[in-house]
Amino acid sequence: MTKSVNCCLCKKRCQLNNRRRCFSGVLKTSLTDKLQRCIEETDRLCASCTAKLYKQVKTCNKTIRSRSIETNNSREKNVAEIPGACAANVFTSPKSIRLEIKSAPKTHRYCIVCKKEGNKQHRLVTITSEARTQSFIEKGIFINQKSRCCKTHMESRFFKIKALDVLQSSKQHEYFSRTDITGLLNDLRTIMKMTSSRLNFDIPALMTEENYNDLTGLSKDQFSDLLGYMSTVRSSGVRSVRTCLGVFLTKLRVGLSNKIIGTVFGLKTSQVQRIIHAARRTLMETFVPHTLGFQHISHGDFVTNHTTPVAKQLFTTDPRRAVIVLDCTYIFIQKSSDYHFQRMSYSMHKHRPLVKPMIIVGTDGYILSILGPYFADGHNNDASITKHAITNNLENITAWLQDDDICIVDRGFRDAVQYLEDQGYMVKMPVCLVKGKKQLTTNKANLTRLVTNTSNSNLA
């Protein structure tokens, strides 16, 4: 072979390392049209002419594709306007849109998952649209609608998890038609409708007012208001701030285990634990001080807004006196593995482990404060808890209460009545039946009814 030859297109001399053969199908056809003769075996192109020729061919192909799309669009429009036109006569657009989306092999003969060849003994099945959409969502791999796989890889109309793990792509890009893209979007929409049953607080429209109330005990507006106190919590790749609050409130409302809540919300158990801890810490810092405790409301505002006229008329003649209702409630807990805590939290009255918080409310049901919780053993009854709160001045309670304020209690506080009166407070308690008597006098019975009606209507 000679060291240098002339380019058959530009006629310039090209060296050995700068010449190209003209045997490519696309180049050969285009070069034949330019030279107006057949390509010979000895013809060579220089590198510059080869690049220019490739560029011209690529531009020409793009023009042809765009014209084809416009032609098919007009055909589809004309067919749609014809009344009674059947779907079989509708023209489909060409695969002219290149997208950087991975794709699986397009074959009838082999399984695209395990690559086994199909035969009479080992038949392959056509992959359903649900399975193809599942592959695109889970692995980002597009599967042609004519591809096939082994029947053992399918479960119902979806891929098995093991099949998805094995599935691999054969190309890093794929050409799509308008029909392919429209079908893919419709399939995605269908799958999203099917999977929308998973709880999702990030999209408020997916959950009704009743769903919010059942799961959190709050309305949508109340949930949004409480969300404003989650200012120190940041969204992460695992959950948003709305999901963090939703998981925490659902845990408080339904009392399910972290594992079950994780299954419902699509989270791991460890993630649920961190979410609950973050939400609790934030609300204790931002929400609780403004809504609970003796420090969040003044004595005068409490008397004005949360003491009912009936309570004022029945128990005091001074409009500046506050009327509060005290009582303990129960929070049932699981049996602890710590023996010491197990003994202190076991209630001989309820015959199960629990803790006892002290609830202080107004006569209209407004929760003023919650003290505790306290253990359920015999050392912590209603009277002893009350004495402990006053003696230790919990939440600065003695500074908030004023002389002659009325405390409405039940008979469980009978051992603390004298103590409260010594502190300067008035106590209203149902009258205890004197030993040897079968019933109360009329005045004592009426006083008891006034106390019980007032307390029961607020602590029910």
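See the structure above.
The present account deals with the structure reproduced in this document. (Residues numbered from 1 in each chain as written. Predicted model: local features only at pLDDT ≥ 70, side-chain atom pairs only at ≥ 80, totals over all residues. Heavy atoms only, no water.)

Details of the overall build of the protein
Working step 1: Across its full length, the protein carries 18 helices and 19 strands.
Working step 2: By residue count, 36% of the 460 residues in the protein fall in the buried class.
Working step 3: Across the protein, the fraction of contacts at a sequence separation of at least 24, relative to all contacts at a separation of at least 6, is 58%.
Working step 4: For the protein, the exposed area adds up to about 28,800 Å²; of that, 52% sits on carbon and sulfur atoms. (Helix = DSSP H or I, 4+ residues; strand = E, 2+ residues; numbered from the N terminus. Buried < 20%, exposed > 50% of the residue type's maximum accessible area, 1.4 Å probe, protein only. Contact = heavy atoms within 4.5 Å. Areas by Shrake-Rupley, 256 points an atom, 1.4 Å probe, with all protein chains shown as cover.)

Regarding helix H10 (residues 269–286)
Working step 1: In this model H10 runs 26 Å from its N-terminal to its C-terminal C-alpha over 18 residues, within 8% of the 26 Å that 1.5 Å per residue would give.
Working step 2: Restricting attention to buried positions, one finds in H10 the residues Gln271, Val272, Ile275, Ile276, Ala278, Ala279, Thr282, Leu283 and Thr286. Summarising the axial view, the buried residues of H10 lie within an arc of 165 degrees, below the 170-degree limit, and thus occupy one face. The exposed residues of H10 that point more than 90 degrees off its buried face are Arg274 and Glu285.
Working step 3: Where the residues of H10 are buried, they touch helix H7 (220–227), helix H8 (241–254), helix H9 (258–265) and helix H11 (288–291). (Expected span 1.5 Å × (residues − 1). Arc of directions from axis to C-beta.)

What to know about the pairing of strand E17 (residues 367–375)
Working step 1: Sheet topology places strand E16 (residues 352–362) next to E17; 6 bridges connect them, and they run antiparallel. Considered in E17, the bridge of Lys356 is made with Tyr374.
Working step 2: Here E16 folds back onto E17, and the loop between the two strands holds 4 residues, one of which, Gly365, carries a positive phi near 95 degrees. (Pairing = 2+ DSSP bridges.)

Details of the packing of H7 against H8
Working step 1: Look at H7 against H8: their axes get within 11 Å of each other, and the N-to-C directions meet at 115 degrees. Put simply, H7 runs roughly perpendicular to H8. In this structure, the crossing between H7 and H8 has a hand that is right-handed. Contact residues: H7 offers Phe223, Ser224, Leu226 and Leu227, while H8 offers Val241, Arg242, Leu245, Gly246 and Leu249.
Working step 2: Class assignment of the residues belonging to the contact of H7 with H8 gives a composition of 6 nonpolar, 2 polar and 1 charged. (Axes fitted to C-alpha atoms, helices over the stretch in contact; angles between N-to-C directions. Parallel < 35°, antiparallel > 145°, perpendicular 65-115°, else oblique. Left-handed = near helix turned anticlockwise from the far one by under 90°. Nonpolar A, V, L, I, M, F, W, Y, C, P; charged D, E, K, R; others polar.)

Brief notes about the nonpolar core
Working step 1: Counting residues in hydrophobic clusters, the biggest one holds 27 residues, and the most contacted among them are Phe302, Ile324, Leu326, Met358, Ile360 and Leu368.
Working step 2: Put simply, the parts of the chain that give this core at least two residues each are helix H12 (299–306), strand E13 (323–328), E16, E17, helix H15 (382–391), helix H16 (397–400) and helix H17 (417–422).
Working step 3: Not counting chain neighbours up to four residues away, the residues in contact with Met358 comprise Leu326, Asp327, Cys328, Ser369, Ile370, Leu371, Asp382, Ile385, Thr386 and Phe413.
Working step 4: Residues Phe201, Met207, Phe223 and Ala279 belong to the second largest nonpolar core, which totals 22 residues. (Core = buried A, V, L, I, M, F, W, Y, C linked by side-chain atoms within 4.5 Å.)

So, the packing of aromatic side chains
Working step 1: With the rule as written, the count across this model stands at 10 aromatic pairs.
Working step 2: Both rings, one in Tyr229 and one in Phe287, keep their centres 5.1 Å apart while their planes meet at 80 degrees; by these two values the pair is edge-to-face. Of this pair, Tyr229 sits in the loop between H7 and H8 while Phe287 sits in the loop between H10 and H11, and the two are 58 residues apart along the sequence.
Working step 3: Tyr229 gets classed as partly exposed once you look at its relative accessible area, which sits at 29%. (Phe/Tyr/Trp six-rings, centres within 6.5 Å; stacked < 30°, edge-to-face > 60°.)

Here we look at the side chain of Asn258
Working step 1: You can see Asn258 is positioned in helix H9.
Working step 2: At a separation of 3.2 Å, a polar atom in the side chain of Asn258 contacts the side chain of Lys251.
Working step 3: Ignoring any residue separated from it by four or fewer positions in sequence, one finds Asn258 in contact with Lys251, Thr269, Val272, Gln273 and Ile276. (Polar contact = N/O pair within 3.5 Å; in protein donor to acceptor, adjacent residues only side chain to side chain.)

Thoughts on empty space enclosed by the protein
Working step 1: This model, assessed by the stated rule, comprises 1 cavity of 30 Å³ or more.
Working step 2: Every residue lining the largest cavity is counted, 13 residues in all, and those nearest its centre are Leu326, Ile360, Thr386, Ile390 and Ile397.
Working step 3: If you list the elements that add at least two residues to the lining of the largest cavity, you get E13, E16 and H15.
Working step 4: For the lining of the largest cavity, the leading source of residues is H15, giving 3 residues.
Working step 5: By residue class, the composition of the lining of the largest cavity is 12 nonpolar, 1 polar and no charged. (1 Å grid on protein atoms, 1.4 Å probe; cavity = no way out; pocket = protein on both sides within 12 Å on 5 of 7 lines; lining within 4 Å. Points joined across faces, edges and corners; volume = space filled by probe spheres on them.)

What about the layout of surface pockets?
Working step 1: Of the pockets and cavities examined, the largest pocket occupies roughly 1,400 Å³.
Working step 2: Residue lining of the largest pocket: 38 residues in total, with Leu252, Leu292, Ile331, Ile359 and Ile370 positioned closest to the centre.
Working step 3: Contributions of two or more residues to the lining of the largest pocket are made by H8, H10, E13, E16, E17 and helix H18 (442–459).
Working step 4: Among the residues forming the lining of the largest pocket, the class breakdown is 23 nonpolar, 9 polar and 6 charged.
Working step 5: In this structure, the lining of the largest pocket is formed jointly by two domains, domain 3 (204–290) and domain 4 (299–457), each of which donates at least three residues. (Domains from an automatic or database assignment.)

Describing the pairing of E16
Working step 1: Across the 11 residues of E16, 10 count as buried, placing the element largely inside the fold.
Working step 2: Looking at chain direction, E13 and E16 are connected through 5 bridges and run antiparallel. Bridging from a neighbouring strand, Cys328 pairs with Met358 of E16.
Working step 3: In the sheet, strand E14 (residues 331–332) pairs with E16 via 2 bridges, with the strands oriented antiparallel. Looking at the pairing, Phe332 lines up with Leu354 of E16.
Working step 4: By the bridge criterion, 2 bridges tie strand E15 (residues 346–347) to E16 in an arrangement that is antiparallel. Paired with Tyr346 across the strands is Pro353, a residue of E16.
Working step 5: Counted between consecutive antiparallel strands, the loop separating E15 from E16 contains 4 residues, among which His351 sits at a positive phi close to 60 degrees.

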